[in-house]
Structure formats: structure tokens, C-alpha cells
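# A look at the structure
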Amino acid sequence: MAGTQYRGSEIKDVDQFLNDAEGLDSEREKEIGQHIGYRYDVNLVPDYERLTPFLKKYMETMGWDDLNWLEDIHMGYEEGNPAVFDRNINGWVRIPDTIELPDNQQDRDMIARELLIKFQMSDRHPLVALRKAYMKF
Amino acid sequence: MAGVTDAQLKEMSQEERVKALGMTTEQLTGKSLYIEFDPDAEERFIYPWAPDVDFNKRTEIDTDEMSTTQVNTRISELMAEGFGTIVLKNPRGKHSIGVGILSKLNLIIEGSCGYFAVGLLDGPNVRINGRVGWSCGENMMSGTIMIEKNAGSTFGAALRGGDLVCRGSVGSRTGIDQKGGTIIVGGDTGALSGFMMQRGRIVVCGNAGKNLGDSMYDGTIFVGGDIQSLGVDAVEAELTDLDRAWLTRKLTQYDLMPGRGVDHFTKIVAGKQLWNYDNLEPNEKKLIL
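Bear in mind the structure is a predicted one, so any value in this text is a computation, not a measurement. Along each chain, residue indices are assigned from 1 in the same order as the chain's sequence is written. Written order decides the labels, with chains lettered from A and ligands numbered from 1. Local features are withheld for residues below a pLDDT of 70 in this predicted model, meaning they are given only at 70 or higher, and side-chain atom pairs are given and counted only at 80 or more; totals for whole chains, interfaces and linings count all residues.

## Here we look at the overall build of chain B
Only DSSP runs of H or I reaching four residues or more are called helices, and only runs of E reaching two or more are called strands; each is numbered from the N terminus. A tally of helices and strands in chain B yields five helices and twelve strands. With respect to the three principal axes, the spread of C-alpha positions in chain B is 60 × 60 × 40 Å. Here a residue counts as buried when 20 or more other C-beta atoms sit within 10 Å of its C-beta, as exposed when there are 12 or fewer, and as partly exposed otherwise, the C-beta atoms being derived from the backbone. Counting over 289 residues, chain B shows a buried share of 44%. Considering only residue pairs separated by 6 or more positions, chain B has 27% of its internal contacts joining residues 24 or more positions apart. The contact rule is simple: place each C-beta atom from the backbone, and if two of them lie within 7 Å, those residues are in contact.

Next comes the structure, spelled out in C-alpha cells:
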């Protein structure tokens, strides 16, 4: 099935890359020391039964009937830690240890979406400083 | 950073602003970026700098005698005044109209647009009651765009996120280099659609031209009609229940749900036989070193 199996390692368990920080399964991956492909199923479409109240409010504010761009946001992993990729800074943002992770990818993705929105809209997002530095007054 | 006011920043050159904000002190060797989410972050739904617009506050712009730059500047000014619904009249095929809007907004364009219409968006909901030229919605980050008639080639080029919908048919290379989001075509799509697609979804209710999904890296293409031919490394996959539910919801949302449901859609994904970057990399390093 698309998105769960790659030429490199295969995703067998939602905690696979937390239990095995390296997460390198195939010989080729071990040889080069790098993971081939995404570490999560980028083609997984959201289950709307699992929307959080915050995400419902976000959709309403934006005038959208669904999650829109957040359909592409998933909880992934960086160096064995749960993290979300923020396209606005082209980097991973880690999930704090204090947040308990659900036992399935769909619920984890909803948490990832909520945290990413709060981060992107906050004053501590790096784009805020970048904008101040480079904006045209 | 906290000690510098916006008024002070305004008086500075760009170089001085960068230094005053402490952005040149960071060591850029190694992995310098380590950020963690704040679990207690405030609930906000728009960017800190975005204007607070009200969808119920509506206005119109007659663009007949205006240049593209004038139209786009006027949209920004109206958003700063809180207008959340803006109607553009008489666009007369202008190129690059309504580009670079980075906040929520209802934008209604009454007429047809030229090249690169409503590209680089991040948030707005756009409805175009006409046709569009090449590269409509290119590089969109989020939002929705609905085209009532047909669209030209490279529809949704390098789309990052959001929904880009054309009720009619579109030209070739639809979703070229797509990196996320959803493109929905009510009619047919031309050759090389989904070329070098990396993520996201393309839904074609009609037929697809030659070389569909050629060299696609990832992502999913759903086709309701006939596929003239598949491109290199594009393969058919099983339509899952989650796919069916998603297709049904999405097509119903845009009033494009076929009378016979979605079971007849063909799902195309990457065969992943072209993932050879890791094999080439060592040789490239040798060449560089």
C-alpha cells in the first residue's frame, strides 16, 4: 500500500522510529547512514472523526469546510523524537516530552496540526523576527 | 530583540535591523536550529502581522482602468481596513492578479484572468467566475481557489497546500512539481499531469492525457475517466475505504460528486523505482571533494 512501504525501511508500527532512533532497516540505509524516503505516511488522508475542538475553530475562522493545507501535516520523527515539519522554517519542530502521544497515527497527526498552527501564529515563530528584519516599511 | 521598537526599526537600514534583532550572531555551522513546541501556546488563528478582516465587510474594485500592481496594492489596502470580502470586477484577462495574499479573505473575481492568477496565496478563499490562463494558483500555501470555467496549462504548478478546483477542463502539466495540497478537475486534464509530483493529491473527474504522473516521487492521483497512458514510475494502487471517504467528502464539498459515486476512480501512486538519489550522492561528493 502506498505510503507504508518504501524501497528503504518499512513502517510496521506507529512507534517504530521512537523505539529505534536510527530507524534504518535496509542494507542500503545502513550503508549510507541515512533514511530513504519519508518517515511517515505522507499519503495518509485525515480521519475527520478525530478532529480536535481547536482545529474545528481554526477551520471556521478561515472559512474552510475541511483541514485544507493541514491535510498534509503529519507527526514525523527527528533523531528518534516525535516532531512536525514546519515548511515555513524548513525545519523540524519537536514535540515536548510533556505531551502524551496517542497510540495511532491519525490522532498524532491531529495533535501535530494543532501544535503547528499555534506555533506558526505565535510571536516566537522565527518568521516574526525575519519579517521585522527584512520587511519593507 | 524585545528592546527594539517598530519605530526604531523603521529608521534603520536593513543591515542595521538584522544586527539589532540579533540575527547575525547565530553560529551557522552544524545543526543550529532546535525548536520545541510550547504546549501552553496561546490560541491564535491568523499570523501576528495579518490584518483582522471581517468576512461580512464587503467591497468592490472596478479593475478596468487599473494595472495589475494597482489592483494588488488596493487589495492589501482594503484588507488593512478590515474588508474580508472583496469583489474584483472587469479583470479582463489581467496577469498575476490577486497574488501574494497571506491572510484570510474572500476574493471574488467576476471575469477571466490571465497568467499566474491568484498565485502564492496563504489563506484566502477565491472564486473566479470565468477562465484562467497558465499557472493559476501556483505555489499556493493554503486556502481555496474555485474556477468556474476552464484553466490553462501548469494548473497549480508547485502547489504547496490548499484546494485548487476547476469545474471545467485544464491544460497539460497540471500539478507539475506539486508539493502538497489538492487539485480537483471537474473535466479532463492534459498530458504530463502530476509530472514530478512530490506530495498532495490530484483528482480528475474526467479523462487524463498521456504520461500521467510521469516521474512522480510521491503523492496520489485519482482519475474518474480514462487514462491515455501512465508516465514513468506511475503505478496503479488499490482504492482504500479511507480514500473513498476522502474523495466523497471532497467532491461533495465542491459540488463535483459524480452520480455513480467514487468506486470507479483509478488511484495512481509512485512506483518508487526512481528513488536513486542515495546511490548518486556518494559519486557527487567525490566529484566535489
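That covers the picture; the talk isn't over yet.
## A look at the overall build of chain A
The number of helices and strands found in chain A is five helices and three strands. Its helices and strands in sequence order give chain A the pattern α-α-α-β-β-β-α-α, from N to C terminus. Out of the 137 residues in chain A, the part that is buried amounts to 34%. For chain A, contacts bridging at least 24 residues in sequence account for 60% of all contacts bridging at least 6.

## Notes on the sheet that holds strand S1 (residues 76-78) of chain A
As summarised here, the arrangement of the four strands in space is S1(A)-S2(A)-S3(A)-S1(B), forming an open sheet in which the pairing is mixed. Lying at the two open borders of the sheet, with one neighbouring strand each, are S1 of chain A together with strand S1 (35-36) of chain B. Note: strand S3 (residues 91-94) of chain A against S1 of chain B, two bridges, orientation parallel. Of the residues in S1 of chain B, the one forming a bridge with Arg 94 of chain A is Glu 36 of chain B. By the convention used here, strands pair only if DSSP detects at least 2 bridges between them.

## A look at the interface of chain B and chain A
Of the residues lining the interface, 52 residues belong to chain B; the matching set on chain A comes to 45 residues. Where the side of chain B that touches chain A is concerned, the elements lending two or more residues are helix H1 (6-11), helix H2 (14-20), S1, strand S5 (122-128), strand S6 (142-147), strand S8 (179-185), strand S9 (199-204) and helix H4 (241-253) of chain B. The biggest single contributor to the side of chain B that touches chain A is H4 of chain B, with four residues. Under the grouping applied here, Gly and all other residues not named as nonpolar or charged are polar, the nonpolar ones being Ala, Val, Leu, Ile, Met, Phe, Trp, Tyr, Cys and Pro and the charged ones Asp, Glu, Lys and Arg. Looking at the side of chain B that touches chain A residue by residue, the classes come out as 22 nonpolar, 15 polar and 15 charged.

## Let's talk about the pairing of strand S2 (residues 81-86) of chain A
Residue and element names in this part refer to chain A. By the bridge criterion, three bridges tie S1 to S2 in an arrangement that is antiparallel. Residue Glu 78 lies in a different strand from S2, and its bridge partner there is Asn 81. Hairpin remark: S1 followed by S2, antiparallel, with two residues in the connecting loop; positive phi at Glu 79, about 50 degrees. In this sheet, S3 lies alongside S2 in antiparallel orientation, the contact comprising four bridges. Paired with Phe 85 across the bridge in S3 is Trp 92.

## Structural notes on the confidence of the model for chain B
Confidence scores labelled pLDDT are given residue by residue by the predictor and lie between 0 and 100. Across chain B, the average pLDDT comes to 91, with 91% of residues at 70 or higher. Scoring of the predicted complex yields 0.89 for pTM and 0.88 for ipTM.

## Side note on the environment of Leu 102 of chain B
All names here are of chain B. Relative to the assigned elements, Leu 102 resides in the loop between strand S3 (83-89) and strand S4 (106-110). Using a count of 20 C-beta atoms within 10 Å as the deciding quantity, one classes Leu 102 as buried. Along the sequence, Leu 102 and Ala 50 sit 52 residues apart, while their C-alpha atoms lie 7.5 Å from each other. Among residues more than four places away in sequence, those in contact with Leu 102 are Tyr 47, Ala 50, Asp 122 and Gly 123.

## Concerning the nonpolar core
A set of buried residues qualifies as a nonpolar core if it consists of Ala, Val, Leu, Ile, Met, Phe, Trp, Tyr and Cys joined through C-beta atoms within 7 Å. Among the nonpolar cores identified, the biggest contains 65 residues, and Ala 117, Ile 147, Val 185, Val 203 and Val 223 of chain B are the most heavily contacted of them. Beyond its immediate sequence surroundings of up to four residues, Val 185 of chain B is in contact with Cys 166, Ser 169, Val 170, Thr 174, Val 203, Val 204, Cys 205 and Gly 206 of chain B. Ranked by size, the runner-up nonpolar core spans 20 residues in total, among them Ile 73, Val 84, Ala 112 and Phe 119 of chain A.

## A few points about helix H3 (residues 68-80) of chain B
Residue and element names in this part refer to chain B. Take the number of residues in a helix, subtract one, and multiply by 1.5 Å to get its expected span. Here H3 spans 19 Å end to end across 13 residues, near enough to the 18 Å set by a 1.5 Å rise per residue. Here H3 has its buried residues at Ile 75, Leu 78 and Met 79. When H3 is viewed along its axis, its buried side chains cluster within an angular range of 100 degrees and face the same direction. For H3, exposure combined with an orientation more than 90 degrees from the buried face picks out Thr 69, Gln 70, Thr 73, Glu 77 and Ala 80. As for H3, its buried residues are in contact with strand S2 (54-62) and S3. Taken from the residues just after H3, Gly 82 is the one with a positive phi, measuring 100 degrees. Taken from the helix axis, the directions to the C-beta atoms give the arc we talk about.

## As for the packing of helix H3 (residues 53-62) of chain A against helix H4 (residues 105-120) of chain A
All names here are of chain A. Note on method: axes are straight lines fitted to C-alpha atoms, helices fitted across the in-contact stretch only, with angles between N-to-C directions ranging 0 to 180 degrees. Running from N to C, H3 and H4 cross one another at 55 degrees; their axes reach a closest spacing of 9 Å. It follows from the interaxial angle that H3 and H4 lie oblique. In this structure, H3 meets H4 at a crossing whose hand is left-handed. Contacts between H3 and H4 pair Phe 54, Leu 55 and Tyr 58 from the former with Met 110, Arg 113, Glu 114 and Ile 117 from the latter. Here the residues of the contact of H3 with H4 are counted per class, giving five nonpolar, no polar and two charged. Put simply, angles under 35 degrees are roughly parallel, angles over 145 are roughly antiparallel, angles from 65 to 115 are roughly perpendicular, and the rest are oblique. Rotating anticlockwise by less than a right angle from the far helix to the near helix defines a left-handed crossing, while the corresponding clockwise rotation defines a right-handed one.

## A look at unusual backbone geometry
All names here are of chain B. Unusually for a residue other than glycine, Thr 154 sits at a positive phi of about 45 degrees. Tracing the chain through its elements places Thr 154 in the loop between S6 and strand S7 (163-166). Overall, Thr 154 belongs to the buried group, with 27 C-beta atoms counted inside 10 Å.

## Brief notes about the sheet that holds S8 of chain B
All names here are of chain B. Taken in spatial order, the eleven strands line up as S2-S3-S4-S5-S6-S7-S8-S9-S10-S12-S11 in an open sheet, and their pairing is mixed. Looking along the sheet, the strands with just one partner apiece sit at the ends: S2 and strand S11 (234-237). On average, adjacent strands in this sheet sit at an angle of 15 degrees to one another, irrespective of strand direction. Relative to S6, S5 is paired through five bridges, and the arrangement is parallel. Bridging from a neighbouring strand, Arg 127 pairs with Met 146 of S6.

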